[in-house]
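The primary structure of each chain is shown beneath.
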Amino acid sequence: MSTTPTTSLEADTWIAVLIRYEYLHSAEPGPDETWTVKRTPANTPQTLCHPVLAFDFVADVLSAGLRNASGLRR
């Protein structure tokens, strides 16, 4: 568990990594520490309005990816 607050830079970095490794279809930064993300082209865009929410989203995506990698269905 982190002892410091999540920053926009950390969230930006993790979102960029998820896009690079194709865990996300798209992500657009918005004003005031927001991001609009889509997991797949068919998904409805989701707005993350704070770095902590972005970090929670990243954790969910990574968790789903690990479950998928272990042979369980998504």
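The residue numbers shown here count from 1 along each chain, following its written sequence. Only residues with pLDDT of at least 70 are given local features in this predicted model, and only at 80 or more are side-chain atom pairs given and counted; all residues enter the totals for whole chains, interfaces and linings. The basis for the side-chain values is all heavy atoms of the structure; hydrogens and waters are excluded.

## Observations concerning the environment of Glu28
Phase 1: By the criteria applied, helices consist of DSSP H or I runs no shorter than four residues and strands consist of E runs no shorter than two, each listed in order from the N terminus. For Glu28, the position within the fold is in strand S1 (residues 26-30).
Phase 2: Placed 19 residues apart in sequence, Glu28 and Thr47 show a C-alpha to C-alpha distance of 9.4 Å.

## Examining the side chain of Thr34
Phase 1: Here Thr34 shows up in strand S2 (residues 34-38).
Phase 2: In this structure the side chain of Thr34 is engaged in a polar contact, spanning 2.9 Å, whose partner is the backbone oxygen of Pro31.
Phase 3: Every residue in contact with Thr34, bar those within four places of it in the chain, is listed here: Glu28, Pro29, Leu48 and Cys49. Residues adjacent in sequence count toward polar contacts only when both atoms are side-chain atoms; beyond that, a polar contact is any pair of N or O atoms within 3.5 Å, and within protein one must be able to donate a hydrogen and the other to accept it. For this analysis, residues touch if any pair of their heavy atoms sits within 4.5 Å.

## Brief notes about the nonpolar core
Phase 1: Think of a nonpolar core as a cluster: buried Ala, Val, Leu, Ile, Met, Phe, Trp, Tyr and Cys residues, connected wherever their side-chain atoms sit within 4.5 Å. A simple rule labels every residue: compare its accessible area, found with a 1.4 Å probe on the protein chains alone, to the largest value its type can have, and call it buried under 20%, exposed over 50%, or partly exposed in between. Grouped together as the largest cluster of nonpolar side chains are 12 residues: Ala11, Ile15, Leu18, Leu24, Ala27, Trp35, Val37, Leu48, Ala54, Phe57, Val58 and Val61.
Phase 2: For this core, the secondary-structure elements that each account for two or more residues are helix H1 (8-20), S2 and helix H2 (51-69).
Phase 3: Sorting elements by how many residues they give to this core places H2 first, with 4 residues.
Phase 4: Among residues more than four places away in sequence, those in contact with Leu18 are Tyr23, Leu24, Val58, Val61 and Leu62.

## Observations concerning the packing of aromatic side chains
Phase 1: Here is the rule: rings of Phe, Tyr and Trp (six-membered ring for Trp) pair when centre to centre is within 6.5 Å. Planes less than 30 degrees apart are stacked, more than 60 are edge-to-face, and the remainder are tilted. Enumeration according to the criterion identifies 0 aromatic pairs in this entry.
Phase 2: Just above the ring of Tyr21 sits the side chain of Arg20; from NZ or CZ to the centre is 5.4 Å. A ring has a charge above it when a Lys NZ or an Arg CZ is no more than 6 Å from the ring centre and no more than 35 degrees off the ring normal.

## Topic: the sheet that holds S2
Phase 1: Strand order in this open sheet of 3 strands is S1-S2-S3, and the pairing throughout is antiparallel. Looking at strand neighbours, the two that pair on one side only are S1 and strand S3 (46-48), the edges of this open sheet. Within the sheet, the average angular offset between the axes of one strand and its neighbour, ignoring direction, is 20°.
Phase 2: Along the sheet, H1 contacts S1 and S2; its crossing angle with S2, the most-contacted strand, is approximately 15°. Two strands are counted as paired when DSSP detects at least two bridges linking them. For helices, the axis comes from a line fit to the C-alpha atoms of the stretch in contact; other axes are also lines fit to C-alpha atoms, and the angle between any two N-to-C directions lies between 0 and 180 degrees.

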